[in-house]
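# A closer look at the structure
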Amino acid sequence: MSRQFSAPRGGEGRGEVGGGGVSNRGATHLTLPVTDVTDPLPLLPQADGEGSSSPTRRRVLLTAAGAGLASLAPAAEATEAAMTEAIRQLIGEAPLEPRKVKLELPSIVENGNTVPLTVSVESPMTQADHVESIHIFNQKNPQPFVAAVHLGPRAGKAYVATRIRLADSQRIVAIARLSDGSFCSGSADVIVTLAACTEQ
Amino acid sequence: MARVLINFPQRAKRGDIIEIKTLIQHPMETGYRLDNKGAAIPRDIINCFTCTYNGEEVFRAELFPAISANPFIAFSTVATQSGELVFSWSADRSQTQTETRQINVE
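Scope of this entry: the structure provided in the associated data block. (Residues numbered from 1 in each chain as written. Chains lettered and ligands numbered in written order. Predicted model: local features only at pLDDT ≥ 70, side-chain atom pairs only at ≥ 80, totals over all residues. Heavy atoms only, no water.)

## Points about the packing of aromatic side chains
Tallying each qualifying case throughout the model produces eight aromatic pairs over all chains. Arranged with centres 6.0 Å apart and planes meeting at 50°, the rings of Phe 137 of chain A and Phe 145 of chain A form a pair that is tilted. An aromatic cluster is present here, built from Phe 49, Phe 59, Phe 75, Phe 87 and Trp 89 of chain B joined pairwise through their rings. The lysine or arginine in question, Lys 157 of chain A, covers the ring of Tyr 159 of chain A, its NZ or CZ lying 5.3 Å from the ring centre. In this arrangement the basic side chain of Arg 163 of chain A is found over the ring face of Phe 72 of chain B, its NZ or CZ atom lying 4.5 Å from the centre. (Phe/Tyr/Trp six-rings, centres within 6.5 Å; stacked < 30°, edge-to-face > 60°. Lys NZ or Arg CZ within 6 Å of the ring centre and 35° of its normal.)

## Focus on the nonpolar core
Counting residues in hydrophobic clusters, the biggest one holds 57 residues, and the most contacted among them are Leu 103, Val 119, Val 131, Ile 134 and Ile 136 of chain A together with Phe 59 and Phe 87 of chain B. Sequence-distant contacts of Val 131 of chain A, defined by excluding residues within four places in its chain, comprise Val 121, Ser 123, Met 125, Leu 151, Gly 152, Ala 158, Ala 176, Arg 177 and Leu 178 of chain A. Formed by nine residues, the second largest nonpolar core is a distinct cluster that contains Met 83, Leu 90, Phe 137 and Val 173 of chain A. (Core = buried A, V, L, I, M, F, W, Y, C linked by side-chain atoms within 4.5 Å. Buried < 20%, exposed > 50% of the residue type's maximum accessible area, 1.4 Å probe, protein only. Contact = heavy atoms within 4.5 Å.)

## Re the interface of chain A and chain B
Each side of the interface is counted separately: chain A has 40 residues, and chain B has 38 residues. Carbon and sulfur atoms supply 53% of the area that chain A and chain B bury against each other, a total of about 3,200 Å² over both sides. Taken as a group, His 150, Arg 154 and Arg 165 of chain A account for 25% of the area that chain A buries against chain B, more than any other trio of residues on that side. Counting every contact that joins chain A to chain B gives one salt bridge. (Buried area = accessible area lost by both parts, 1.4 Å probe. Salt bridge = Lys/Arg side-chain N within 4 Å of Asp/Glu carboxyl O.)

## Remarks on the environment of His 130 of chain A
Residue and element names in this part refer to chain A. Along the chain, the position of His 130 falls in the loop between strand S4 (115-121) and strand S5 (131-138). By relative accessible area, which is 9% here, His 130 ends up buried. When the C-alpha atoms of His 130 and Gln 170 are compared, they prove to be 29 Å apart, with 40 residues separating the residues in sequence. His 130 has contacts with Ser 123, Met 125, Gly 152, Pro 153, Arg 177, Leu 178 and Ser 179, leaving out every residue within four places of it along the chain. Among the polar contacts listed, one links the side chain of His 130 to the backbone oxygen of Thr 126, at a separation of 2.9 Å. (Helix = DSSP H or I, 4+ residues; strand = E, 2+ residues; numbered from the N terminus. Polar contact = N/O pair within 3.5 Å; in protein donor to acceptor, adjacent residues only side chain to side chain.)

## Quick look at the pairing of strand S3 (residues 17-24) of chain B
Residues and elements named next belong to chain B. Going residue by residue along S3, you find Ile 18, Ile 20, Thr 22 and Ile 24 tucked away on one face and Ile 17, Glu 19, Lys 21 and Leu 23 left uncovered on the opposite face. Note: strand S1 (residues 4-7) against S3, four bridges, orientation antiparallel. What sits directly across from Asn 7, in S3, is Lys 21. Pairing geometry for S3 and strand S6 (residues 72-78), over seven bridges, is antiparallel. (Pairing = 2+ DSSP bridges.)

See below:
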């Protein structure tokens, strides 16, 4: 992906001058769906209005996006594979019991910047049998991680509610680590009409 | 100091499971956005939230940029005895903010 970013034109600096108002919306839009580079690229000249300046602008936007990403963890490329990998790192080779974790979030989201999310797990929450932690993952944000919460018998019930950002329509997965070392999971699909981070 | 809202039942019976709702004012800058010159805005998020009940940690959350601005976190705990609930948010670039609330358990 990053090879595509750096491909057009070798120079640096300068071009930022051209990156005024309108183009920035494109820039912020670009940063999120990193994996879909082929998709937003054809849109850029149209948004620009003139084909000649677009390579410069494109280069600026893409190198900026690339630089931002490069400075972050490699997991910044969000794909289903990244999520699978993140989950694999958490659970190792342990089996995953599906559908024991309940995720509640709206099935259609109008604003991806604040999506209410509730996760609960059926558990007696006693010293002997409780949920130790709940890990929430997503498929298509720049990072696969959303949050990790640590609970104990003092929680009374395995429950957490928060508000999250969603960059695209996708599947959210929650995985609970139980006190006996086993894992169970739950998932929910969401349709997002206005993605997070597209506005300033 | 950022504004904070913390809400839980002021009185609870011993053994009750109470819900605690918290909200703190914070931009939760993801690090993926660009400013109007095309430079990346550095990441600044609240990365950890903890709640202790009379000194014992009852809840801890690690947060990532996918959490919305002004993070809202609700969780539950068992009301065991009257005492102090201490909430603490630590951010990437600003200081840790700590709030203390009293809980009355009958």
